[in-house]
Amino acid sequence: MRSDPAEFGWLSPTSLAQALEVLAEDSNQWLPIAGGTDVMVQYAAGTLPRRKLLNLWNLRELREIKVFSGEVEVGAGATYTDLRSHPVIAGEFPLLARAASWTGGIANQNRGTLGGNIVNASPAADSLPALLAYEAELILVSRRGERRFPYGDFHIGYKRMNLTADELIRAICLPRRFSGYISYSRKVGPRAAQAISKVCIAALARVARTDFGLMVQDVRIALGSVAPVPMRLTATERLLKGKSLDREQITAARRALSSEIAPISDLRSTASYRTKVAGNLLEEFLQQLLKG
Ligand SMILES: Cc1cc2nc3c(=O)[nH]c(=O)nc-3n(C[C@H](O)[C@H](O)[C@H](O)COP(=O)(O)OP(=O)(O)OC[C@H]3O[C@@H](n4cnc5c(N)ncnc54)[C@H](O)[C@@H]3O)c2cc1C
């Protein structure tokens, strides 16, 4: 353990308003902590950027999952267990429910939160490709008020994001418009549980069978671990959208993917392996669409 507890302060506000008040007074001193599954790793390594921890775990306002007719509002403090066990998330947002089911182990899923996964901003984070595919929006809150922001514009570089020091993520909004979509997701790692992804994918498509074959009406493809931030493959999607899907299109889509992603070699994998696997995952998704 490289941190000394005696050097740290800890505050547990009893309401979201109180937490925002503390951040507004002295935002550069306090580090929010939700489940602590990333913060405590940094604590143990002695790399925490701040010495005062603001505990969000008990804030009920952040934990709720509210279902409205047009969208589901997931509190940033909802855990992976909350997500997995929620019937609307499991039924309408299977990409997110599946990502929650393979994030860490059970203990991690009982503590780790969706908001923490977003702000920790790992390019390998498992739930973030699902948020891109569903075009989620974030509700950010501070004492100054709330602002709503597309999640796709939130991460602006490696561990850089559109969040000021006095702001918290209050909720993640998922539009309820994907009922007719086919979903596909996979996590590729060294083992089935407790592994950080070498590559992960979350994809959605709406297709129609026509006289000319299988028409891709809409498609969304998002990948993790292939760039400094989780990314949506917009050029590959453009190539596929509104066209018939066949062997040639799949080959062209693989080529488009290779020119869109920018993976690195690191201790978990190599850039060339990640490129190859990402192409294989895309191909598997498209082949599954063809096979119906
Ligand atoms: C053993 C282990 C296995 C893991 N496996 C995986 C895995 O398979 N896939 C994966 O993606 N991740 C994995 N993780 C990482 C981690 O569990 C997730 O990133 C988790 O979602 C973090 O959530 P948390 O609530 O614990 O965040 P915390 O550690 O509490 O916080 C993380 C960051 O988010 C900030 N934060 C938290 N909530 C808010 C908020 N509402 N508003 C603003 N800022 C906020 C904190 O200030 C901090 O900077 C693993 C971690 C461990 C220890």
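Bear in mind that the values here come from a model prediction, so they are computed numbers and not experimental data. (Residues numbered from 1 in each chain as written. Predicted model: local features only at pLDDT ≥ 70, side-chain atom pairs only at ≥ 80, totals over all residues. Heavy atoms only, no water.)

**Student:** So what about the overall build of the protein? Which residues, and what values?
**Tutor:** A count of helical and extended segments in the protein gives twelve helices and 15 strands. Here the C-alpha atoms of the protein give a radius of gyration of 20 Å, agreeing with the 19 Å that 2.2 N^0.38 yields for 292 residues. Over its C-alpha atoms, taken along the principal directions, the protein stretches across nearly 70 × 45 × 30 Å. The buried share among the 292 residues of the protein stands at 51%. Long-range contacts, defined as pairs at least 24 residues apart, comprise 61% of the intrachain contacts of the protein with a sequence gap of at least 6. Counting only carbon and sulfur atoms, one obtains 52% of the accessible surface of the protein, whose full area is about 13500 Å². Within the protein, the 28 negative side-chain charges are centred at a point lying 5 Å from the centre of the 37 positive side-chain charges. (Helix = DSSP H or I, 4+ residues; strand = E, 2+ residues; numbered from the N terminus. Rg over C-alpha atoms; globule rule 2.2 N^0.38 Å. Buried < 20%, exposed > 50% of the residue type's maximum accessible area, 1.4 Å probe, protein only. Contact = heavy atoms within 4.5 Å. Areas by Shrake-Rupley, 256 points an atom, 1.4 Å probe, with all protein chains shown as cover. Lys, Arg positive; Asp, Glu negative; His and termini not counted. Charge placed at Lys NZ, Arg CZ, Asp CG, Glu CD.)

**Student:** Please give an account of the sheet that holds strand β6 (residues 137-142) that cites residues and values.
**Tutor:** If you walk across this open sheet you meet the five strands as β4-β5-β10-β6-β7, and the pairing is antiparallel. With one partner strand each, in any of the chains shown, β4 (65-67) and β7 (145-150) form the two edges of the open sheet. With direction set aside, neighbouring strand axes in the sheet form an average angle of 20°. Sheet topology places β6 next to β7; six bridges connect them, and they run antiparallel. By the bridge assignment for β7, glutamate 137 is matched with proline 150. (Pairing = 2+ DSSP bridges. Axes fitted to C-alpha atoms, helices over the stretch in contact; angles between N-to-C directions.)

**Student:** Tell me about the domain arrangement of the protein, and name the residues and values.
**Tutor:** The domain boundaries assigned to the protein delineate domain 1 (5-55), domain 2 (60-175) and domain 3 (182-291). Each of domain 2 and domain 3 has a C-alpha centre, and these two points are 22 Å apart. On the side of domain 3, 23 residues touch domain 2, which itself brings 22 residues to the contact. Around 1800 Å² of area is buried between domain 2 and domain 3 when both sides are counted, 61% of it from carbon and sulfur atoms. (Domains from an automatic or database assignment. Buried area = accessible area lost by both parts, 1.4 Å probe.)

**Student:** Now, about the pattern of salt bridges: what can you tell me, with residues and values included?
**Tutor:** Should the charged atoms of two oppositely charged side chains come close, the side chains can pair. Evaluation of the coordinates by the stated rule reveals 24 salt bridges. A salt bridge links glutamate 146 to arginine 170, with the nearest nitrogen and oxygen atoms 2.5 Å apart. One end of the pair, glutamate 146, is in strand β7; the other, arginine 170, is in strand β10 (residues 168-175), and 24 residues separate them in sequence. Relative accessible area serves as the criterion here: at 47%, glutamate 146 is assigned to the partly exposed category. Glutamate 237 is the partner of arginine 232 in a salt bridge, and the nearest nitrogen-oxygen pair spans 2.8 Å. The class for glutamate 237 is buried, based on a relative accessible area of 7%. When salt bridges with common partners are traced through the structure, they connect Glu135, Arg177, Asp218, Arg220, Arg232, Glu237 and Lys241 into a single cluster. (Salt bridge = Lys/Arg side-chain N within 4 Å of Asp/Glu carboxyl O.)

**Student:** Would you mind going over empty space enclosed by the protein in detail, with residue names and values included?
**Tutor:** The final tally for this structure, using the stated rule, is three cavities of 30 Å³ or more. Each pocket or cavity is described by its volume, and for the largest cavity that value is around 50 Å³. If you go around the largest cavity, the residues you meet are Leu95, Ala99, Trp102, Asp126, Pro129, Ala130, Ser185, Arg186, Cys200, Ile201 and Ala202. Mapped by element, the contributors of at least two residues to the lining of the largest cavity are α6 (94-101), α9 (128-133), β11 (182-188) and β12 (199-210). Top contributing element to the lining of the largest cavity by residue count: β12, with three residues. Among the residues making up the lining of the largest cavity, the classes are represented as eight nonpolar, one polar and two charged. In terms of domain composition, the lining of the largest cavity takes at least three residues from each of domain 2 (60-175) and domain 3 (182-291). (1 Å grid on protein atoms, 1.4 Å probe; cavity = no way out; pocket = protein on both sides within 12 Å on 5 of 7 lines; lining within 4 Å. Points joined across faces, edges and corners; volume = space filled by probe spheres on them. Nonpolar A, V, L, I, M, F, W, Y, C, P; charged D, E, K, R; others polar.)

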